[in-house]
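One letter stands for each residue in the lines below.
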Amino acid sequence: MCTCERRVDETRRRGLLTYVVPQLKTITRGGAVTGLGIESTSFRNGLPHESVLEMDILTGAGEIVTARPEGEHADLFHGFPNSYGTLGYATRLRIALEPVDPFVALR
């Protein structure tokens, strides 16, 4: 339930940022992945789900499974984006971050 605003605040303190930053401050990364969010930085870094490394998903059977690009739950990992909750609910995402400078240069 970590909002984009909170996640950006925390990662920027460490000189990092998510590859795709949603413009809506209150959206969660799980929401952006489940609903296949597209944002202004998507032109450079792809869609939000493309930087997900693994996710814990609460399935309809009541199990929490860890889905990764390869392995036992690879089909769930690849099918989850844009599923709008029909395949389960993301309870944890491990995502890639990129280093960022504390300032930008404008011309």
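In case you missed it, the structure is sitting above this.
Residues numbered from 1 in each chain as written. Predicted model: local features only at pLDDT ≥ 70, side-chain atom pairs only at ≥ 80, totals over all residues. Heavy atoms only, no water.

(A) Representation of a nonpolar patch on the surface. Together, M1, L58, I64 and Y89 make up an exposed nonpolar region whose accessible area comes to about 480 Å². Secondary-structure assignment places M1 in the segment before α1 (4-12). (Patch = residues over 30% accessible without salt bridge, like charges linked within 9 Å, V, L, I, M, F, W, Y side chains within 5 Å. Areas by Shrake-Rupley, 256 points an atom, 1.4 Å probe, with all protein chains shown as cover. Salt bridge = Lys/Arg side-chain N within 4 Å of Asp/Glu carboxyl O. Helix = DSSP H or I, 4+ residues; strand = E, 2+ residues; numbered from the N terminus.)

(B) Summary view of the sheet that holds strand β4 (residues 89-95). Taken together, three strands build an open sheet; the order of strands is β3-β2-β4 and the sheet is antiparallel. The open sheet has two free edges, formed respectively by β3 (64-67) and β4, since each of these has just one partner strand. Here the average twist between neighbouring strands, direction ignored, is 15 degrees. In this structure, strand β2 (residues 52-58) lies alongside β4, joined through six bridges in antiparallel fashion. Its bridge partner being in β4, V52 is matched across the sheet by I95. (Pairing = 2+ DSSP bridges. Axes fitted to C-alpha atoms, helices over the stretch in contact; angles between N-to-C directions.)

(C) Examining the pattern of salt bridges more closely. Inspection of every chain in the model, using the stated rule, returns eight salt bridges. Residue E10 pairs with R14 through a salt bridge whose shortest N-O separation is 3.4 Å. A salt bridge links E54 to R92; the shortest N-O distance between them is 2.7 Å. Within this pair, whereas E54 is found in strand β2, its partner R92 is found in strand β4, the two being separated by 38 residues in sequence. When its relative accessible area of 9% is taken as the criterion, E54 is described as buried. Bridged by salt links that share partners, the residues E54, D56, R68, R92 and R94 form one connected network. (Buried < 20%, exposed > 50% of the residue type's maximum accessible area, 1.4 Å probe, protein only.)

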